[in-house]
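One-letter residues, chain by chain:
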2 protein chains.
Amino acid sequence: MYIIAVYDINTETREGRRALNKIFKLMKKYLIHIQKSVFEGELTKAQFQKMKLEVMQIIDPDCDSVIYFSSRDSRWLDKEVHGLGKDTTDNFI
Amino acid sequence: MYIIAVYDINTETREGRRALNKIFKLMKKYLIHIQKSVFEGELTKAQFQKMKLEVMQIIDPDCDSVIYFSSRDSRWLDKEVHGLGKDTTDNFI
């Protein structure tokens, strides 16, 4: 499965700032960091399930948001990068 | 086409903060705002082309980043929301 993960973590509290760091490190274990709070990459269903569970243990569902887009085949998704990061992650998935 | 747009605008300068507001307003004309700097929605090719051109006129490609994921058919994409926004935009595309 091809996964795109985007998150918005409330950093008004110390716990929130800690959660942000944890989420970043966690997602870097599974996916490729392509923009501030955006990751993408290929995962098996089991890996995706495991990552989601670990993320759920970190975030505060009342003030944080994580959205996953998944596609069974990366060929069904086109990607375009404008501006920074254009060279490194341009147009190939 | 189903579009997911994510952006990271450098707000260290006044121009950058202005660009951020302009990008937000612009994308709201075309897409649905689902998270801090994340939009999604259905566009025709022509609408998508037009939006991208307008965005390019606003961002500074040397310090801002906009990434578009597009899928010809929204059914090829699953979406999961964890935490905030779970009720409003959950699981349907």
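Residues numbered from 1 in each chain as written. Chains lettered and ligands numbered in written order. Predicted model: local features only at pLDDT ≥ 70, side-chain atom pairs only at ≥ 80, totals over all residues. Heavy atoms only, no water.

## A closer look at the relation of the copies chain A and chain B
The condition is simple: The superposition of copies rests on a least-squares fit of C-alpha positions from residues with pLDDT of 70 or more in both.
Between chain A and chain B, the superposition needs a rotation of 180° and an axial shift of 0.0 Å, giving an RMSD of 0.0 Å. Seen this way, the second copy is the image of the first under a two-fold rotation axis. Across chain A, the smallest distance between a C-alpha and the rotation axis is recorded for A:Trp76, namely 3.4 Å.

## A few points about the sheet that holds strand 2 (residues 32–35) of chain A
Applicable threshold: In short, DSSP must find at least two bridges between two strands for them to pair. By definition, any uninterrupted DSSP run of H or I lasting at least four residues is a helix, any uninterrupted run of E lasting at least two residues is a strand, and each is numbered from the N terminus. Lines are fitted to the C-alpha atoms to define the axes, a helix being fitted only along its stretch in contact, and any angle between axes, read from their N-to-C directions, falls within 0 to 180 degrees.
Read across the sheet, five strands follow the order 2(A)-3(A)-1(A)-4(A)-5(B) without closing on themselves; strand pairing throughout is antiparallel. Looking at which strands have only one partner, the edges of the open sheet turn out to be strand 2 of chain A together with strand 5 (78–83) of chain B. When the angles between neighbouring strand axes are averaged without regard to direction, this sheet yields 20°. Alignment of strand 1 (residues 2–8) of chain A against strand 3 (residues 38–42) of chain A, held across five bridges, turns out to be antiparallel.

## Some words on the interface of chain A and chain B
Test applied: The contact definition used throughout considers only heavy atoms, calling two residues in contact when any of these lie within 4.5 Å. Put simply, buried area is how much 1.4 Å-probe accessible surface two parts lose in total, over both of them, once they are put together. Should a side-chain nitrogen of Lys or Arg be within 4 Å of a carboxyl oxygen of Asp or Glu, the pair is scored as a salt bridge.
Each side of the interface is counted separately: chain A has 35 residues, and chain B has 35 residues. Each partner contributes to the roughly 3100 Å² buried at the junction of chain A and chain B, and carbon and sulfur atoms together form 57% of this total. For chain A, the biggest contributors to the area lost against chain B are A:Gln35, A:Phe69 and A:His82; these three give 23% of the whole. At the boundary of chain A with chain B, the tally comes to four salt bridges. Ionic pairing is found between B:Asp8 and A:Lys36, a salt bridge with its closest N-O pair at 3.9 Å.

## Section: the confidence of the model for chain A
Put simply, the rule reads: The predictor rates its confidence in each residue with pLDDT, a number between 0 and 100.
Summarising the model, chain A shows a mean pLDDT of 91, and 91% of its residues fall at 70 or more. Confidence drops under pLDDT 50 across residues 89–93 of chain A; counting only partners more than four residues distant or on other chains, this segment forms 15 contacts.

## Quick look at the UniProt feature "binding site: Mg(2+)" (unreviewed entry) in chain A
For clarity, the cut-off: UniProt positions are given in the numbering used here, feature names are shortened, and annotations may be inferred rather than shown by experiment. The classification of residues rests on relative accessible area computed with a 1.4 Å probe and restricted to protein chains. Under 20% of the type maximum is buried, over 50% is exposed, and intermediate values are partly exposed.
As recorded in UniProt, the sites labelled "binding site: Mg(2+)" (unreviewed entry) are A:Asp8. Topologically, A:Asp8 is positioned in strand 1. Judged by relative accessible area, A:Asp8 falls into the partly exposed class, the value being 24%. Setting aside residues up to four positions removed in sequence, A:Asp8 forms contacts with A:Cys63, A:Asp64, A:Ser65, B:Gln35 and B:Lys36.

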